[in-house]
Amino acid sequence: MAATEWTAWRPLRLAEDVPAALLAEQLDGGQSFRWSATSDGAWVGIFGRTVAMLRSGADGLEWRGLKGAAGTEAALLAYLDAEGAQARLSADLPWRSDPVLRAAREAFPGLRILRQDPHETLIGFLCSSNKRILQIRVMVAGLAEKLGEPLGAGFHALPTWSALAAADDAVLKSCALGYRAAFLRGTAQRLLARPRWAEEFAALDTPALLAELQSLPGVGPKVAACVTLFGFGRLESFPVDTWVVQALGDAYGLRKWKPAQLEQFGRAHFGAAAGLAQQYLFSAARHGKLITLPPEPKRPKSRR
DNA sequence: GTCCAGGATTCAG
DNA sequence: CTGAATCATGGA
């Protein structure tokens, strides 16, 4: 990563300010697994064939790309939803009547759903089951390094499905995928035969899209909801992971509810941008900034 | 050592 | 249909 590989830092104009803590949550908050913090407080990431760095300084958000790479700034603006369509959706969430959502939203104001590629989102979340964000990042980095197209300066794109389907077992094993290797290979073999799957899936309505994704090996309700939200931009999709189960149980009193019930609650309660509300709750819960109800007494007493 | 992680699949009832 | 067991791996 020699300094000569990079262009000069330049301002990146978004609709709203992006302080450092928000940038960290935006890039490393469980949506994408392709961003890493550098030693000097910046972030370096790869999405599609774009390699970019971002940092939040006194003069606002700044970016730089690899020298000779065209379109980096435009790619960043699209990726970060610079048009600001989500600002209005966030304002329309029921935070005025919901103190839990209000506090979660105020913990990371300006947090947005990244506009990611479906293919890359699916790879990331196929690796995600029963894993922490940090380790998902390690797995995905290994896949890119060993099976992805070189992009210069030592960076690699994520592998294609054909590369994944043809990958040697030892290579997959060296990425610490565990049992998820079979998920990746199985889905790769299925999608290999339909190279335009993402366009075809994008034409479906959200219930059909969720069902189609869940027909793939290693894709259950939660992974399908994440790919639908982060990869296909369906803001109404409401993924329910262990953090959201905890958050909805502790903050809304929905303890002992099953994930499918919580998903229904989320979509009904939060509406058209339920997925964005989910991301506020997820981030706030992970940082201990969620308003919670008192813990349930172990032996509830009858009140006479 | 135990427990848990942005779960999915398979199996028993 | 629901609930439990199992899956592979690393960090706390």
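### Comments concerning the pairing of strand E3 (residues 43-47)
Taken across its five residues, E3 has five buried, putting it largely inside the fold. Where burial is concerned, the two faces of E3 agree: the one with Trp43, Gly45 and Phe47 and the one with Val44 and Ile46 are both buried. Two elements, strand E2 (residues 35-37) and E3, share three bridges in a ladder whose sense is antiparallel. From the neighbouring strand, Ser36 faces E3, where its bridge partner is Val44. Counted between consecutive antiparallel strands, the loop separating E2 from E3 contains five residues, among which Gly41 sits at a positive phi close to 85°. In the sheet, E3 pairs with strand E4 (residues 50-57) via five bridges, with the strands oriented antiparallel.

### Considerations on the sheet that holds strand E5 (residues 60-65)
The antiparallel open sheet is built from five strands, whose spatial order is E1-E5-E4-E3-E2. At either margin of the open sheet sits one strand with a lone partner, and together these are strand E1 (10-11) and E2. As paired elements, E1 and E5 share two bridges and run antiparallel to each other. What sits directly across from Pro11, in E5, is Glu62. Against the sheet, helix H2 (residues 72-79) touches E1, E2, E3, E4 and E5, its axis set at about 70° to E4.

Criteria and cut-off values
Residues numbered from 1 in each chain as written. Chains lettered and ligands numbered in written order. Predicted model: local features only at pLDDT ≥ 70, side-chain atom pairs only at ≥ 80, totals over all residues. Heavy atoms only, no water. Buried < 20%, exposed > 50% of the residue type's maximum accessible area, 1.4 Å probe, protein only. Helix = DSSP H or I, 4+ residues; strand = E, 2+ residues; numbered from the N terminus. Pairing = 2+ DSSP bridges. Contact = heavy atoms within 4.5 Å. Axes fitted to C-alpha atoms, helices over the stretch in contact; angles between N-to-C directions.

The values are spatial; any link to function lies outside them.
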